[in-house]
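Structural description and commentary
Now for the letters of each chain:
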Amino acid sequence: MNSDLLLSVRGAGKQFMQANRLRWACRDVSFDLYPGEVLAVVGESGSGKSTLLRLLAARLACDAGSVHYDVREEAGAAGAAPARSAAGLVNLANLSEARLRWLARTDWGFVEQHARDGLRMNVSGGANIGERMMALGSRHYGKLRGQALDWMERVELDVDRIDDLPGTYSGGMQQRLQIARNLVTHPRLVFMDEPTTGLDVSVQARLLDLLRDLVDQLQLAAVIVTHDLAVARLLAHRMLVMKDGQVVEQGLTDRVLDDPQHAYTQLLVSSVLTP
Ligand SMILES: Nc1ncnc2c1ncn2[C@@H]1O[C@H](COP(=O)(O)OP(=O)(O)OP(=O)(O)O)[C@@H](O)[C@H]1O
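About the thresholds
- Residues numbered from 1 in each chain as written.
- Predicted model: local features only at pLDDT ≥ 70, side-chain atom pairs only at ≥ 80, totals over all residues.
- Heavy atoms only, no water.
- Core = buried A, V, L, I, M, F, W, Y, C linked by side-chain atoms within 4.5 Å.
- Buried < 20%, exposed > 50% of the residue type's maximum accessible area, 1.4 Å probe, protein only.
- Helix = DSSP H or I, 4+ residues; strand = E, 2+ residues; numbered from the N terminus.
- Contact = heavy atoms within 4.5 Å.
- Near = heavy atom within 4 Å.
- Polar contact = N/O pair within 3.5 Å; in protein donor to acceptor, adjacent residues only side chain to side chain.
- Areas by Shrake-Rupley, 256 points an atom, 1.4 Å probe, with all protein chains shown as cover.
- Nonpolar A, V, L, I, M, F, W, Y, C, P; charged D, E, K, R; others polar.
- Pairing = 2+ DSSP bridges.
- Axes fitted to C-alpha atoms, helices over the stretch in contact; angles between N-to-C directions.
- Salt bridge = Lys/Arg side-chain N within 4 Å of Asp/Glu carboxyl O.

Val 42, Ile 129, Trp 151, Val 155, Ile 179 and Met 239 are the most contacted members of the largest nonpolar core, which has 45 residues in total. It is helix α7 (residues 201–218) that contributes the most residues to this core, six residues altogether. Ignoring any residue separated from it by four or fewer positions in sequence, one finds Ile 129 in contact with Ala 148, Trp 151, Met 152, Leu 177, Ala 180, Arg 181 and Val 184. Ranked by size, the runner-up nonpolar core spans 33 residues in total, among them Leu 55, Ala 57, Tyr 69 and Phe 191.

In the vicinity of the ligand, the contacting residues are Phe 16, Gln 18, Ala 25, Glu 44, Ser 45, Gly 46, Ser 47, Gly 48, Lys 49, Ser 50 and Thr 51. Ser 47 is positioned with one of its backbone polar atoms (N or O) 3.0 Å from an oxygen atom of the ligand. Ser 50 is positioned such that a nitrogen or oxygen atom in its side chain is 2.8 Å from an oxygen atom of the ligand. In isolation the ligand has 640 Å² of accessible area, and contact with the protein removes 60% of it. For the shell around the ligand, the secondary structure elements donating two or more residues are β1 (7–18) and α1 (49–56). With three residues, α1 is the single largest residue contributor to the shell around the ligand. Of the residues that constitute the shell around the ligand, the class distribution is two nonpolar, seven polar and two charged.

Looking at the secondary structure, you find Thr 185 in the loop between α6 (171–183) and β7 (189–193). Taking the C-alpha atoms as reference points, Thr 185 and Thr 265, separated by 80 residues in sequence, lie 36 Å from one another. Among all residues touching Thr 185, those that are not within four sequence positions of it are Arg 105, Thr 106, Arg 132, Met 133 and Leu 136. At 2.9 Å, the side chain of Thr 185 and the backbone oxygen of Thr 106 are in polar contact. Separated by 2.9 Å, the side chains of Thr 185 and Arg 132 make a polar contact.

Right, let's talk about the sheet that holds strand β8 (residues 221–225) for a bit. Strand pairing in a sheet takes place through backbone hydrogen bonds and is either antiparallel or parallel in direction. In spatial order, the strands read β6-β7-β8-β3-β9-β10; together these six strands make up an open sheet with mixed pairing. Two strands bound the open sheet, and with one partner strand each, they are β6 (108–111) and β10 (246–252). Direction aside, the axes of adjacent strands within the sheet are offset by 15° on average. With six bridges connecting them, strand β9 (residues 238–243) and β10 associate as antiparallel partners. Bridge pairing links Leu 240 to Gln 250 in β10. Strands β3 (38–42), β6, β7, β8 and β9 of the sheet are contacted by α1, whose axis makes an angle of about 155° with β7.

A few words on the sheet that holds strand β2 (residues 21–33). Across the sheet, four strands lie side by side as β2-β1-β4-β5; this open sheet has antiparallel pairing. Two strands bound the open sheet, and with one partner strand each, they are β2 and β5 (90–91). Pairing between β1 and strand β4 (residues 64–69): five bridges, direction antiparallel. Counterpart to Ser 8 in the pairing with β4 is His 68.

One pass over the full model with this rule turns up 17 salt bridges. The partner of Arg 181 in a salt bridge is Glu 131, with the nearest N and O atoms 2.7 Å apart. Of this pair, Arg 181 sits in helix α6 while Glu 131 sits in helix α4 (residues 125–135), and the two are 50 residues apart along the sequence. Judged by its relative accessible area of 14%, Arg 181 is buried. By relative accessible area, which is 24% here, Glu 131 ends up partly exposed. When the shortest N-O distance is used, the salt bridge between Asp 244 and Lys 243 registers 3.0 Å. Overall, Asp 244 belongs to the exposed group, its relative accessible area being 56%. What makes Lys 243 partly exposed here is its relative accessible area of 27%. Each of Asp 70, Arg 72, Asp 107 and Arg 188 takes part in one network of salt bridges that share partners.

Now the structure itself:
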């Protein structure tokens with residue numbers, strides 16, 4: 001494996017019990033992700049996109065294959081780091097719960113489709129952002145508030161709303177707050193599950209522009225699950241097309257969208273183009 005890799009996935013799969021038998025929700029997925037690279041995972045509903053994302057983020061354990069991540073040493077890391085492989089990548093299956101929690105709070109972000117699932121609704125917008133800083137050991141109230149204000153501005157939220165509960169924000173504002181909460185710790189890798197689905201079209205467009213700018217400025221690596229090929233076109237360098245739990249095509253975004261090789265990808269692309 002290449003030591004510059006951030007994430008390396010080999011033969012990853014997950015099965016669930018459905019109608020009294022085990023079925024693969026996703027299987028035999030392999031790809032590499034480099035720092036600063038954005039990968040879109042596309043496919044119809046039920047094709048296994050969210051299951052794959054949860055495997056990558058160690059929210060689910062693989063039933064087959066592996067997910068390796070370039071785990072960095074950080075001051076204040078909870079739990080002892082496991083031995084690294086020669087290539088510097090660590091199998092997530094070998095990390096302790098504490099270490100995975102630490103990764104999830106600092107070096108990774110996870111933007112949920114429904115912002116409510118990624119926010120704490122009973123604390124203020126500012127506290128939602130400050131909380132992730134606290135996971136890194138920050139306790140200075142003035143600094144936490146300063147960071148929260150800074151990030152509210154960066155995601156174009158009205159800073160006067162800092163003390164309001166997220167439930168009083170609009171859907172688009174909640175999604176911006178969730179993004180700020182995730183990015184305040186400067187993660188290297190962000191997982192996004194349909195980050196703009198369900199929002200008004202104009203809100204979606206502005207949010208996509210914002211995401212593109214942030215990914216660019218921060219040189220973020222990201223894995224974005226979407227059923228919307230326009231989202232993949234706008235944000236992703238590469239894409240991976242899933243059908244019935246398996247990857248049927250992967251490659252550079254422009255290549256896949258402009259010259260799809262697999263019949264299913266051709267169908268996806270042509271169904272978007274058909275008025
Ligand atoms: N916890 C679970 N228990 C049983 N089956 C599950 C579970 N989670 C997912 N599945 C099944 O795995 C398959 C893939 O689901 P998944 O949510 O990954 O697809 P998806 O492509 O993300 O779909 P959508 O776009 O609708 O979210 C589906 O058949 C789903 O019913």
